[in-house]
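# Summary of the model geometry
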Amino acid sequence: MSPGGGSGPMKDCEYSQISTHSSSSPMESPHKKKQAGPQRKWEVFPGRNKFFCNGRIMMARQTGVFYLTVVLILVTSGLFFAFDCPYLSEKITPAIPAIGGILFFFVMGTLLRTSFSDPGVLPRATPDEAADLERQIGNTEDIANGSSSGGYRPPPRTKEVIINGQTVKLKYCFTCKIFRPPRASHCSLCDNCVERFDHHCPWVGNCVGKRNYRFFYMFILSLSFLTVFIFAFVITHVILRSQQTGFLNALKDSPASVLEAVVCFFSVWSIVGLSGFHTYLISSNQTTNEDIKGSWSNKRGKENYNPYSYGNIFTNCCAALCGPLSPSLIDRRGFLQPDTPQLAAPSNGITMYGATQSQSNMVQAILSFSVS
Ligand SMILES: [Zn+2]
Ligand SMILES: [Zn+2]
């Protein structure tokens, strides 16, 4: 079967390993449902995600902290509108509940948009694509090793590309069986590779990546404003009341204000800090992932720079917040076509073996970048 010669048995073993692995993962997913009608792709989605409303809503598997976020925002804002706003509206201006209401709906809208959408998940390779890529990796290995008959060495499984003069390593994902495009990373909680992966945020119950980063940023920024707004006017409310009845009586008269002030006081620091941090990241076009890893910091005296930065703060902000939104690549509401014959493996294999190195490089590039 293998025309490669010397390393034949080893490679056969490698192929069978891959084919058993990949055929079991996408089709025999744990949340496969038994039903008569055509199945949608989300029903057999291989990642650890939750889907609601027939695949329209997509979240991470663990959503407990997300519900805590929603409850905290709803309760704090609800108490503010119910107990502080009537007094403030009468004594100062009705603009206070109006502005508060606009901020509240903006916060909830951006939160739900971040939580319920596809963060930019990269589809896993099909069994055929995975086997093709595996063969190419094997071929490259053979060439690299030459005719040396030394012991089996695992293939390097990284590729290098040059982006704006900076060498960027592309790593092979053993779960998704693809070479990750630049800036993508595999989320261990959701078990997906995510494009321009920023981080997994349990507070929003989703990964933050290429497709929902701007909504995440608008969420934390507007939440900072809402928290400061509520805190400031709750304090104003208590001060105005205490001028009439004394401080202790004011606290007794509006116990809700005390609770709101406590929640706002303890959360405002982290929320404002996070907004500041992400403002810095956006202005330099970095991801949290790159910042934590120190991808673009100078290492051992070596000159290092971020190849994705446009060079000025304004363009970086525009690119992150106003650039076109890329479409979802996983087509989670699309129908499965179980009877569609996949590319015949043997003939495909022969083509690949017969192909010249440049051709197989091209196929390799198409395989890994068709998704980016
Ligand atoms: Zn992956
Ligand atoms: Zn995740």
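Here the structure is a predicted model, which means the values were calculated and not measured.

Cut-offs applied
- Residues numbered from 1 in each chain as written.
- Chains lettered and ligands numbered in written order.
- Predicted model: local features only at pLDDT ≥ 70, side-chain atom pairs only at ≥ 80, totals over all residues.
- Helix = DSSP H or I, 4+ residues; strand = E, 2+ residues; numbered from the N terminus.
- Buried ≥ 20, exposed ≤ 12 C-beta atoms within 10 Å, placed from the backbone.
- pLDDT = per-residue confidence, 0-100.
- Contact = placed C-beta atoms within 7 Å.
- Pairing = 2+ DSSP bridges.
- UniProt positions renumbered as here; feature names shortened; annotations may be inferred.
- Axes fitted to C-alpha atoms, helices over the stretch in contact; angles between N-to-C directions.
- Parallel < 35°, antiparallel > 145°, perpendicular 65-115°, else oblique.
- Nonpolar A, V, L, I, M, F, W, Y, C, P; charged D, E, K, R; others polar.

A few words now on the environment of Val 208. Examined against the element boundaries, Val 208 turns out to sit in strand S10 (residues 206-208). Judged by the 27 C-beta atoms lying within 10 Å of it, Val 208 is buried. When the C-alpha atoms of Val 208 and Thr 287 are compared, they prove to be 9.9 Å apart, with 79 residues separating the residues in sequence.

In this section: the confidence of the model for the chain. Scored by pLDDT, the chain has a mean of 81; 76% of the residues are at 70 or more. Element-level pLDDT for the chain is lowest in helix H10 (residues 345-354), with a mean of 35, against a maximum mean of 97 in helix H3 (residues 95-115). Per-residue pLDDT stays below 50 along residues 1-30; that stretch engages in 32 contacts with residues further than four places along the chain or on separate chains. Confidence drops under pLDDT 50 across residues 341-372; counting only partners more than four residues distant or on other chains, this segment forms 32 contacts.

So, about the pairing of strand S1 (residues 49-52). The two faces of the sheet receive side chains in turn, since in a regular strand these alternate between them. The pairing of S1 with strand S2 (residues 57-60) spans four bridges and is classified as antiparallel. Looking at S2, one finds that Phe 52 is bridged to Ile 57. Two successive antiparallel strands, S1 and S2, enclose a turn made up of four residues, where Cys 53 displays a positive phi of approximately 50°.

Mapped onto the present numbering, the UniProt feature "transmembrane region" (unreviewed entry) falls at residues 65-83, 95-112, 215-239 and 259-283. Secondary structure over residues 95-112 splits into 100% helix and 0% strand, and the C-alpha atoms at its two ends are 26 Å apart. Helix makes up 100% of residues 215-239 and strand makes up 0%, while its end C-alpha atoms are separated by 36 Å.

This paragraph deals with the sheet that holds strand S3 (residues 121-122). Taken in spatial order, the three strands of this open sheet run S3-S8-S7, and their pairing is antiparallel. Each having just a single partner strand, S3 and strand S7 (185-187) make up the two edges of the open sheet. Sheet analysis places S7 next to strand S8 (residues 192-194), joined by three bridges and oriented antiparallel. Its bridge partner lying in S8, His 186 is registered against Cys 193.

Despite not being glycine, Asn 285 shows a phi value in the positive range, around 50°. According to the C-beta neighbour criterion, Asn 285 is buried, with 20 such atoms within 10 Å. For Asp 331, which is not glycine, the phi torsion reads 45° and is therefore positive. The topology assignment puts Asp 331 in the loop between helix H9 (313-321) and H10. Since 14 C-beta atoms lie within 10 Å of it, Asp 331 is described here as partly exposed.

Bringing the packing of helix H2 (residues 64-91) against H3 into the picture now. For any two helices packed against each other, one specifies the crossing angle of their axes together with the interaxial distance. Where H2 contacts H3, the axes come no closer than 10 Å and their chain directions differ by 170°. The orientation of H2 relative to H3 falls into the category roughly antiparallel. On H3, the residues that touch Phe 66, Ile 73, Ser 77, Phe 80, Phe 81, Cys 85, Leu 88 and Ser 89 of H2 are Ile 96, Pro 97, Gly 100, Phe 104, Val 107, Met 108 and Ser 115. A per-class count over the contact of H2 with H3 returns eleven nonpolar, four polar and no charged.

Two pairing modes exist for strands in a sheet, parallel and antiparallel, and in both the strands are linked by backbone hydrogen bonds. Sheet architecture is open: three strands sit in the order S4-S5-S6, paired in antiparallel fashion. The strands lining the two open edges of the sheet, one partner per strand, are strand S4 (158-163) and strand S6 (178-179). Two strands pair when backbone bridges link them, and S4 and strand S5 (residues 166-173) are joined in this way by six bridges, in the antiparallel orientation. Bridging from a neighbouring strand, Lys 159 pairs with Leu 170 of S5.

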